[in-house]
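# Coordinate analysis (summary)
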Amino acid sequence: MTFANDGYQVLPNFLGSLGIDVKDLEKYFQYRFNFSKEKITTINNSIKGKPEVAFYSDPFMEVILEKCVAPFSEIVGCDLFPSYSYTRKYSCGDELLIHRDRKSCQISATLSIAFEGTEINPICFSQSPDKENAVALYLKPGDLCLYRGCDLWHWRPPINNDWYLQSFLHFVDADGPYKQFKYDRRNGLGEPEPRISVKLDTNNQS
Ligand SMILES: [Fe+2]
């Protein structure tokens, strides 16, 4: 399995290679999800199940996003711009429906952080929307899978653990057709989601 041949590649224990203990990251996000008022709790059309619980642009994940630019550029074979990070906590029964990603997610990665239960929930890929020749990848906490988010169809079967925590890291080709989506059209890393900023501006005017 190589990125060049398959459009995806698993990097086992990627987080450890950055010198980060996945248990510490799990604890960090426990605090964030339990106590932060910034988390997103909305209906997401790509998820069948409960309203989504997530963080766009968590500051620490944005740091990791930046650290991934050099090693991922080498694997993908072109210079990358970071786009944005997104950390989602799935609940039991949630299903990520089959989809391809928007332009800001040309090159994507999913980082497995933690789950409560006994079975690893896979992420699945196919070249076509009918799930032909699908592959299911089972990532342990700390493992990461890099994939072509705009090209490969991907989904998750219903989560059969109490919860599952993972982060997406998104990039665009620095010389490609989506290079204007650098930072997901924000001014820089760490900024909130653009559409949330618009909402806040509206609130300020009223
Ligand atoms: Fe996706």
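This one's a predicted model, so the numbers in the text were calculated from it and none came from an experiment.

Procedures and definitions
Residues numbered from 1 in each chain as written. Predicted model: local features only at pLDDT ≥ 70, side-chain atom pairs only at ≥ 80, totals over all residues. Buried ≥ 20, exposed ≤ 12 C-beta atoms within 10 Å, placed from the backbone. Helix = DSSP H or I, 4+ residues; strand = E, 2+ residues; numbered from the N terminus. Pairing = 2+ DSSP bridges. Axes fitted to C-alpha atoms, helices over the stretch in contact; angles between N-to-C directions. Contact = placed C-beta atoms within 7 Å.

### Comments concerning the pairing of strand 4 (residues 52–56)
Among the 5 residues that make up strand 4, 4 are buried, leaving the element largely enclosed by the rest of the structure. In the sheet, strand 2 (residues 40–42) pairs with strand 4 via 3 bridges, with the strands oriented antiparallel. Across the sheet, Thr42 pairs through a bridge with Glu52, a residue of strand 4. Summarising the sheet, strand 4 and strand 5 (residues 80–91) pair through 3 bridges and their orientation is antiparallel.

### Here we look at the sheet that holds strand 11 (residues 153–156)
The strand order 3-6-11-8-9 describes an open sheet built from 5 strands, whose pairing is antiparallel. At either end of the open sheet lies a strand with only one pairing partner, and these are strand 3 (47–48) and strand 9 (135–137). The pairing of strand 3 with strand 6 (residues 95–99) spans 2 bridges and is classified as antiparallel. Residue pairing across strands places Ile47 opposite Leu96, the latter belonging to strand 6.

### Details of the sheet that holds strand 4
Strand order in the open sheet made by the 7 strands is 1-10-7-12-5-4-2, with antiparallel pairing throughout. At either end of the open sheet lies a strand with only one pairing partner, and these are strand 1 (8–11) and strand 2. Across the sheet, the mean angle separating the axes of adjacent strands is 25 degrees when strand polarity is ignored. Relative to strand 12 (residues 163–173), strand 5 is paired through 11 bridges, and the arrangement is antiparallel. The partner of Leu80 across the bridge, within strand 12, is Asp173. Taken strand by strand, helix 3 (residues 22–35) contacts strand 4, strand 5, strand 7 (107–116) and strand 12, and its axis lies near 85 degrees from that of strand 7.

### A closer look at the environment of Tyr86
Inspection of the secondary structure puts Tyr86 in strand 5. With 23 C-beta atoms counted inside 10 Å, the residue Tyr86 sits in the buried group. Remark: the alpha-carbon pair of Tyr86 and Ala54, spanning 32 residues in sequence, is separated by 7.0 Å. Filtering out sequence-adjacent residues up to four positions away, Tyr86 remains in contact with Ala54, Tyr56, Ser167 and Phe168.

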